[in-house]
Amino acid sequence: QVQLVESGGGLVQAGGSLRLSCAASGRTFSSYAMGWFRQAPGKEREFVAGISRSGGNTDYADSVKGRFTISRDNAKNTVYLQMNSLEPEDTAVYYCAADRKYSDVVIRYGYDYWGQGTQVTVSS
């Protein structure tokens, strides 16, 4: 089992940047595919970005492609989400997720472990 703790959220103006971090417990972080999701008020949680165990494969929602970058440091048990050119529509609680059911691929669904979330608010 892995425990996930997100950090780095906050209030930023439109056009600004934030970097989210997700620290994972345990010594098997490199065996987990990782993902970032978000949930805005009144909306369903949605996939934002994912990264494979090795970091060699990534995937992004169309709405963030070209603006957000997911990366991981397996030595530090941490996954990051660099968010640039933020828009008010990016306002949401951002969640980190982990899963180890599959091989070195990116997944959009079926994550088993979730963090508590970090709030990102983008003002216009």
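Quick look at the structure, then. Computed from a prediction, not measured in an experiment: that's the story for all the values here.

Considerations on the nonpolar core
The tendency in soluble globular proteins is for nonpolar side chains to be buried as a group. Ranked by size, the top nonpolar core spans 30 residues in total, and within it Met34, Trp36, Val79, Leu81, Met83 and Tyr94 carry the most contacts. When residues of this core are traced back to their parent elements, those giving at least two are β3 (18–24), β4 (33–39), β5 (46–51), β7 (68–73), β8 (78–83), β9 (92–99) and β11 (118–123). In this structure, Phe37, Phe47, Ile107 and Tyr111 belong to the second largest nonpolar core, which totals five residues.

As for the pairing of β5
A large share of β5 lies buried, amounting to five of its six residues. Pairing analysis gives five bridges linking β4 to β5, with the strands arranged antiparallel. Bridge assignment links tryptophan 36 to a residue of β5, and that residue is alanine 49. As consecutive antiparallel partners, β4 and β5 are separated by six residues, and within that stretch glycine 42 has a phi angle of approximately 80 degrees, a positive value. One ladder, built from three bridges, connects β5 with strand β6 (residues 58–60); its direction is antiparallel. Bridged to glycine 50 within β6 is aspartate 59. Between β5 and β6, which pair antiparallel and follow one another directly, the connecting turn spans six residues, one of which, glycine 55, has a positive phi of 90 degrees.

Describing the state of the cysteines
Tallied over the full model, the rule gives one disulfide. Each sulfur in the disulfide pair cysteine 22 and cysteine 96 lies 2.1 Å from the other. Because the sign of the S-S torsion sets the handedness, a value of about -80 degrees for the bond joining cysteine 22 and cysteine 96 places this disulfide among the left-handed ones. Of this pair, cysteine 22 sits in strand β3 while cysteine 96 sits in strand β9, placing them 74 residues apart in sequence. With respect to class, cysteine 22 is no different from cysteine 96; both count as buried.

Points about the side chain of glutamate 6
Here glutamate 6 shows up in strand β1 (residues 4–7). Buried within the structure, glutamate 6 lacks any salt-bridge partner; its nearest side chain of opposite charge belongs to arginine 45, at an N-O separation of 8.2 Å. Looking at glutamate 6, its side chain comes within polar contact range of the main-chain nitrogen of glutamine 116, at 3.1 Å. Among the polar contacts made by the side chain of glutamate 6, one reaches the main-chain amide nitrogen of glycine 117 at a distance of 2.9 Å. Residue contacts for glutamate 6: discarding those within four places in its chain leaves Ser21, Cys22, Trp36, Tyr94, Tyr95, Cys96, Gly115, Gln116, Gly117 and Thr118.

Quick look at the packing of aromatic side chains
Counted by the stated rule, this structure contains five aromatic pairs. A ring pair is formed by phenylalanine 37 and phenylalanine 47, whose centres lie 5.6 Å apart and whose planes are at 75 degrees; its orientation type is edge-to-face. In this pair, phenylalanine 37 is assigned in strand β4 and phenylalanine 47 in strand β5, connecting sequence segments ten residues apart. Neither residue differs from the other here; phenylalanine 37 and phenylalanine 47 are each classed as buried. Pairing tyrosine 111 with tryptophan 114 gives two aromatic rings, centres 6.2 Å apart and planes at 65 degrees, and the pair type is edge-to-face. Its end group placed over the ring of tryptophan 114, arginine 45 keeps NZ or CZ at 3.7 Å from the ring centre.

Conventions adopted
- Residue positions are given per chain, counted from 1 along the sequence in the order it is written.
- The predicted nature of this model means local features are confined to residues of pLDDT at least 70 and side-chain atom pairs, given and counted, to a pLDDT of 80 or more, with totals for whole chains, interfaces and linings taken over all residues.
- With hydrogens and water set aside, each side-chain value is computed from the structure's full complement of heavy atoms.
- The term nonpolar core refers to a set of buried residues drawn from Ala, Val, Leu, Ile, Met, Phe, Trp, Tyr and Cys, joined through side-chain atoms within 4.5 Å.
- Only protein chains enter the accessibility calculation, which uses a 1.4 Å probe; a residue whose area is less than 20% of its type maximum is buried, one above 50% is exposed, and one in between is partly exposed.
- For the purposes of this entry, the term helix denotes a DSSP run of H or I that reaches at least four residues, the term strand denotes a run of E that reaches at least two, and both are numbered from the N terminus.
- Strand pairing is assigned whenever DSSP identifies at least 2 bridges connecting the two strands.
- Put simply, a disulfide is two cysteine sulfurs that come within 2.5 Å.
- For the purpose of charge, His is not counted, nor are the chain termini; Lys and Arg are scored as positive and Asp and Glu as negative.
- Any Lys or Arg side-chain nitrogen located within 4 Å of an Asp or Glu carboxyl oxygen qualifies as a salt bridge.
- Under this definition, polar contacts are N or O atom pairs within 3.5 Å; protein pairs additionally need one hydrogen-donor-capable and one acceptor-capable atom, and for neighbouring residues in sequence, both atoms have to be side-chain atoms.
- In this description, contact between two residues means that some pair of their heavy atoms is separated by no more than 4.5 Å.
- Think of it this way: a Phe, Tyr or Trp ring, Trp meaning its six-membered ring, pairs with another when their centres are within 6.5 Å, and the plane angle makes it stacked under 30 degrees, edge-to-face over 60, tilted otherwise.
- Charges are assigned to positions over rings by a cutoff of 6 Å between ring centre and Lys NZ or Arg CZ, combined with an angular limit of 35 degrees from the ring normal.

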